[in-house]
Amino acid sequence: MKALDVLRAPLWALELASGAKSFRQNPIIGSPALNRRGLHLQRVKLAESMADWRRRRLTHLVEPSDIEAYERDGFVIRRNALPEADFRALRRAVEDNAFPAQEMWQGNAVTRFAPVTRAMCGAHPEIGAFVNGPMFQGLLRYVASVNADPIVFLHTVFAEPDRGPRDPQTVFHSDTFHATAKAWLFLEDVSEDGGPFTYVPGSHRMTSARLRFEYEKSLTAHADKNRHHALGSFRISDEELRDMGYGAPVRVVVPANTLVVADTHGFHARGVSSRATVRLGIYGSLRRNPFRPFTGLDPFSLPGLKGRQAEIHDRVNTWKAKKGKTGQPPVGVVKPLDPPVRWRG
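The following paragraphs examine the structure supplied in this document. Keep in mind the model is a prediction, meaning the values are calculated, not measured.

About the cut-offs
Residues numbered from 1 in each chain as written. Predicted model: local features only at pLDDT ≥ 70, side-chain atom pairs only at ≥ 80, totals over all residues. Heavy atoms only, no water. Buried < 20%, exposed > 50% of the residue type's maximum accessible area, 1.4 Å probe, protein only. Helix = DSSP H or I, 4+ residues; strand = E, 2+ residues; numbered from the N terminus. Arc of directions from axis to C-beta. Contact = heavy atoms within 4.5 Å. Core = buried A, V, L, I, M, F, W, Y, C linked by side-chain atoms within 4.5 Å. Pairing = 2+ DSSP bridges. 1 Å grid on protein atoms, 1.4 Å probe; cavity = no way out; pocket = protein on both sides within 12 Å on 5 of 7 lines; lining within 4 Å. Points joined across faces, edges and corners; volume = space filled by probe spheres on them. Nonpolar A, V, L, I, M, F, W, Y, C, P; charged D, E, K, R; others polar. Axes fitted to C-alpha atoms, helices over the stretch in contact; angles between N-to-C directions. Parallel < 35°, antiparallel > 145°, perpendicular 65-115°, else oblique. Left-handed = near helix turned anticlockwise from the far one by under 90°.

1. As for helix α4 (residues 64-73)
For the α-helix, the turn length of 3.6 residues means that residues three or four positions removed from each other point alike. Within α4 the residues assigned to the buried category are D66, A69, Y70 and D73. Down the axis of α4, the sector holding all buried residues measures 100°, keeping them to one side. Seen from the open side of α4, the exposed residues pointing more than 90 degrees away from its buried face are P64 and E68. Where α4 is buried, its residues contact α3 (39-55), β1 (75-78), α8 (134-144), β6 (197-199) and β8 (258-263). Looking one or two residues beyond α4, the residue adopting positive phi is G74, at roughly 95°.

Here it is as structure tokens:
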């Protein structure tokens, strides 16, 4: 062990009580010896128990049918999420205006993120009314099992099969070892061949087969060649999914004005696009420490910070870009449906 590692060891140990997930960057989390003795498995089990405890205290945020859908499938679908006139006004506000954005290029796909800031919500109240409304906020908080402020972006996915290698997001995976929520209000129809969000129903629950999978992967993840897998976002093959007894994945082919909220601890992927496609939506994400013994007390819900996560993220990301340390660089002020900056010319 290096001298610097001795100094880092207490920090690595403290991360066990957090959402830290990297088997490669934290040698305690990634230790095959400790994981053979059940370290990772115990973190997974405790995180699920804590999430269930918190979620039972958040049922007032959602409808009974949402609770039933989540328990059964791991995701909730709300079609006709907004009244038609409100939805048309929201879509115009998003599509007709330009916003500061970032772009992430992975394989043959580019994902554009435009942070939803307080200034954007003030200038375009249609956006603010939706992202701060009870449906979007309530479902994200319930699924994530925490009464906290989510981070929100205008979200555009551009996919062109001939642009490069396969998009890594099209491989089935779990984002992390504990419950975490992502949401999309789709502003355009999502077609069968348009790279739809795809989810393995029931895979958010820790069955004996899923626990066995988590245990086996924890023994080798630190040295896995797939970077995402080694960092704690486990990849899984179609054969492994079948062996675990799951049914067919659901491809979320839905019309515009559909809200989807999913626990991305379950296995999911972006569907493979067979043609050039563009998927536009409003995207929210909510993830907090999985071991917290309470639902609230969220720092980002405090006055002065509430609604500013995306703005803070944007500033940090811009600073990283200047240092050459981000894979999601700023691309200036663009409309959400403008062609990707990296593909122009």
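Let us keep going from here.
2. Digging into the nonpolar core
The nonpolar side chains of soluble globular proteins are, as a tendency, buried together. Core analysis: the largest hydrophobic core is formed by 43 residues, its most contacted members being F130, V131, L185, L259 and I282. Top contributing element to this core by residue count: α8, with 7 residues. In this structure, L185 is in contact with A81, L82, L90, F130, N257, T258, L259, L280, G281 and I282, ignoring residues within four places of it in sequence.

3. Some words on the sheet that holds β6
Strands sit in the order β7-β6-β9 across an open sheet of 3 strands; the sheet is antiparallel. Each edge of the sheet is formed by a strand with only one pairing partner; in this case those strands are β7 (250-251) and β9 (268-270). Relative to β9, β6 is paired through 3 bridges, and the arrangement is antiparallel. Bridge pairing links T198 to A269 in β9.

4. Quick word on the environment of A81
If you trace the backbone, A81 turns up in the loop between β1 and α5 (84-95). The class of A81 is buried, set by a relative accessible area of 13%. Residues A81 and G194, 113 residues apart in the sequence, show an inter-C-alpha distance of 21 Å. Contact partners of A81, with chain neighbours within four places excluded, come to M135, L185, N257 and L259.

5. Remarks on the layout of surface pockets
The volume enclosed by the largest pocket comes to roughly 1600 Å³. Considering the residues around the largest pocket, the lining is formed by 44 residues, among which K21, M104, K182, R287 and Q328 are closest to the centre. Of all the secondary structure elements, the ones that give two or more residues to the lining of the largest pocket are β2 (99-106), β3 (109-115), β4 (151-159), β5 (181-186), α10 (227-230), β9, β10 (277-286) and α12 (309-322). Element by element, the count of residues in the lining of the largest pocket is highest for α12, at 6 residues. Volume-wise, the second largest pocket comes out at about 300 Å³. Surrounding the second largest pocket, 20 residues form its lining, F172, S237, D238, L241 and P249 being those nearest its centre. For the lining of the second largest pocket, the secondary-structure elements that each account for two or more residues are α11 (238-243) and β9. In terms of residue count, the dominant contributor to the lining of the second largest pocket is α11 (3 residues). When grouped by side-chain class, the residues that make up the lining of the second largest pocket number 10 nonpolar, 5 polar and 5 charged.

6. Looking at the sheet that holds β2
Strand order in the open sheet formed by 8 strands is β1-β8-β5-β10-β4-β3-β2-β11, with antiparallel pairing between adjacent strands. With one partner strand each, in any of the chains shown, β1 and β11 (330-334) form the two edges of the open sheet. Recorded for the sheet is a direction-independent mean angle of 25° between the axes of neighbouring strands. In this sheet, β3 lies alongside β2 in antiparallel orientation, the contact comprising 5 bridges. Pairing of Q106 across the sheet is with A109, part of β3. Where α8 meets the sheet, it contacts β1, β4, β5, β8 and β10, and its direction lies at approximately 20° from that of β8.

7. Comments concerning the packing of α3 against helix α9 (residues 208-218)
One way to put it is that α3 packs onto α9 with a least axis distance of 8 Å and a crossing angle of 140°. Judged by the angle between their axes, α3 and α9 are oblique. In the packing of α3 onto α9, the handedness of the crossing is right-handed. Residues H40, L41, V44 and K45 of α3 pack against L211, E214, Y215 and S218 of α9. When the residues that make up the contact of α3 with α9 are grouped by side-chain class, the tally is 4 nonpolar, 2 polar and 2 charged.

8. A look at α8
Within α8, 10 of the 11 residues are buried, leaving the element largely enclosed by the surrounding structure. The positive-phi residue at the C-terminal boundary of α8 is S145, with phi of around 65°.

9. Remarks on the environment of P255
Note on placement: P255 falls in the loop between β7 and β8. By relative accessible area, which is 40% here, P255 ends up partly exposed. As a C-alpha pair, P255 and L187 span 68 residues in sequence and 8.5 Å in three-dimensional space. Contacts of P255, omitting those with residues within four sequence positions, involve R79, E188 and D189.

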